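Spelled out from the first residue to the last, the chains are:
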Amino acid sequence: MKNNYLILVVVCFLLSACGGGGGHSIEVHATDPVPTIVSFDLVDSFGVDTAVSNRALEIDPFTDGGLFDLRWRVNSLEDYEVNIRVNSRPDVNNSILIYSDLCGAGLKCDQGDELICQYTADYYLSCGGALKRDIKGLPQDVYLMLEICDLDSSYCVYRDYPVSML
């Protein structure tokens, strides 16, 4: 009888130890409203796609009219703000905002989107048909950034790619 009681206590302990943590962490992650970046890719003027290559990126205003593509996917339970930025360093502080939009369920850019951007010979950069931004004060080697921001807090996250603007 003592052995059965000991076995029962050990089994109960093991069951409670195994079942407690796994479900809780999954539940917290599933209901976390803060947006996260799943992927961010860029296709440069010469067809280098960051989704399949780690070659250096170059954007040339004289190749295909300076057009290049940006793509992103996010995981967000709520609407979020997407920003495309450029800077001389891999940081959103003091960067130049190139494009901004509100994304989420029922909007054009739900959990991701693709933008066509253009770099012109007179040093202007634009994405998605938005206003052209003058970047002539920046060096030739810059960082193009995707920034995703939560609408209900000050939380933002970003990813960047170093790019040579020829």
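Note that the coordinates shown come from a computational prediction; the quantities given were computed from them, not determined experimentally. (Residues numbered from 1 in each chain as written. Predicted model: local features only at pLDDT ≥ 70, side-chain atom pairs only at ≥ 80, totals over all residues. Heavy atoms only, no water.)

Right, let's get into the pattern of salt bridges. In the structure shown here, the tally under the stated rule is five salt bridges. The residue Asp91 makes a salt bridge to Arg89 at a minimum N-O spacing of 3.0 Å. According to the relative accessible area criterion, Arg89 is partly exposed, its value standing at 34%. (Salt bridge = Lys/Arg side-chain N within 4 Å of Asp/Glu carboxyl O. Buried < 20%, exposed > 50% of the residue type's maximum accessible area, 1.4 Å probe, protein only.)

Phi angles above zero are rare outside glycine, and Asp64 is one such case at about 50 degrees. Positionally, Asp64 belongs in the loop between strand 2 (57-59) and strand 3 (67-75). Assessed through its relative accessible area of 58%, Asp64 is described here as exposed. Of note, Tyr123 is a non-glycine position whose phi angle comes to about 70 degrees, a positive value. Here Tyr123 shows up in the loop between strand 6 (112-119) and strand 7 (124-127). Among the residues examined, Tyr123 registers a relative accessible area of 43% and is labelled partly exposed. (Helix = DSSP H or I, 4+ residues; strand = E, 2+ residues; numbered from the N terminus.)

Below, the discussion takes up a nonpolar patch on the surface. Judged by side-chain polarity, Leu102, Leu107 and Leu151 come together as a nonpolar surface patch covering roughly 230 Å² of accessible area. As for its position among the elements, Leu107 is in the loop between strand 5 (96-103) and strand 6. The exposure class of Leu107 is partly exposed, given its relative accessible area of 32%. (Patch = residues over 30% accessible without salt bridge, like charges linked within 9 Å, V, L, I, M, F, W, Y side chains within 5 Å. Areas by Shrake-Rupley, 256 points an atom, 1.4 Å probe, with all protein chains shown as cover.)

Considering the arrangement of structural elements, one finds Ser95 in the loop between strand 4 (80-87) and strand 5. Given the relative accessible area of 15%, Ser95 is considered buried. Polar contacts involving the side chain of Ser95 include one to the side chain of Arg85, which spans 3.1 Å. Setting aside residues up to four positions removed in sequence, Ser95 forms contacts with Arg85, Val86, Asn87 and Met145. (Polar contact = N/O pair within 3.5 Å; in protein donor to acceptor, adjacent residues only side chain to side chain. Contact = heavy atoms within 4.5 Å.)

What follows is about the confidence of the model for the protein chain. For the protein chain, per-residue confidence averages 81 on the pLDDT scale, and residues scoring 70 or more make up 81% of the total. Here residues 1-30 scores under 50 on pLDDT; set against residues more than four positions off or in separate chains, the count is two contacts. (pLDDT = per-residue confidence, 0-100.)

Here the focus is the sheet that holds strand 8 (residues 133-134). Across a sheet, paired strands are connected by hydrogen bonds in the backbone, their directions being either parallel or antiparallel. Pairing within the open sheet is antiparallel, and its five strands lie in the order 1-3-6-7-8. The open sheet has two free edges, formed respectively by strand 1 (36-43) and strand 8, since each of these has just one partner strand. Pairing analysis gives three bridges linking strand 6 to strand 7, with the strands arranged antiparallel. Of the residues in strand 7, the one forming a bridge with Gln118 is Ser126. (Pairing = 2+ DSSP bridges.)

Each regular strand shows side chains that alternate between the opposite faces of the sheet. In terms of burial, strand 9 (residues 141-150) is a largely internal element, eight of the ten residues being buried. In terms of strand pairing, strand 4 meets strand 9 through eight bridges, oriented antiparallel. Bridge assignment links Glu81 to a residue of strand 9, and that residue is Cys149. Relative to strand 10 (residues 156-165), strand 9 is paired through nine bridges, and the arrangement is antiparallel. Looking at strand 10, one finds that Tyr143 is bridged to Pro162.

Moving on, we come to the environment of Val142. Within the secondary structure, Val142 is located in strand 9. Judged by relative accessible area, Val142 falls into the buried class, the value being 1%. For the pair Val142 and Arg89, spaced 53 residues apart in sequence, the C-alpha separation works out to 6.6 Å. Not counting chain neighbours up to four residues away, the residues in contact with Val142 comprise Val86, Asn87, Tyr161, Pro162, Val163 and Met165.

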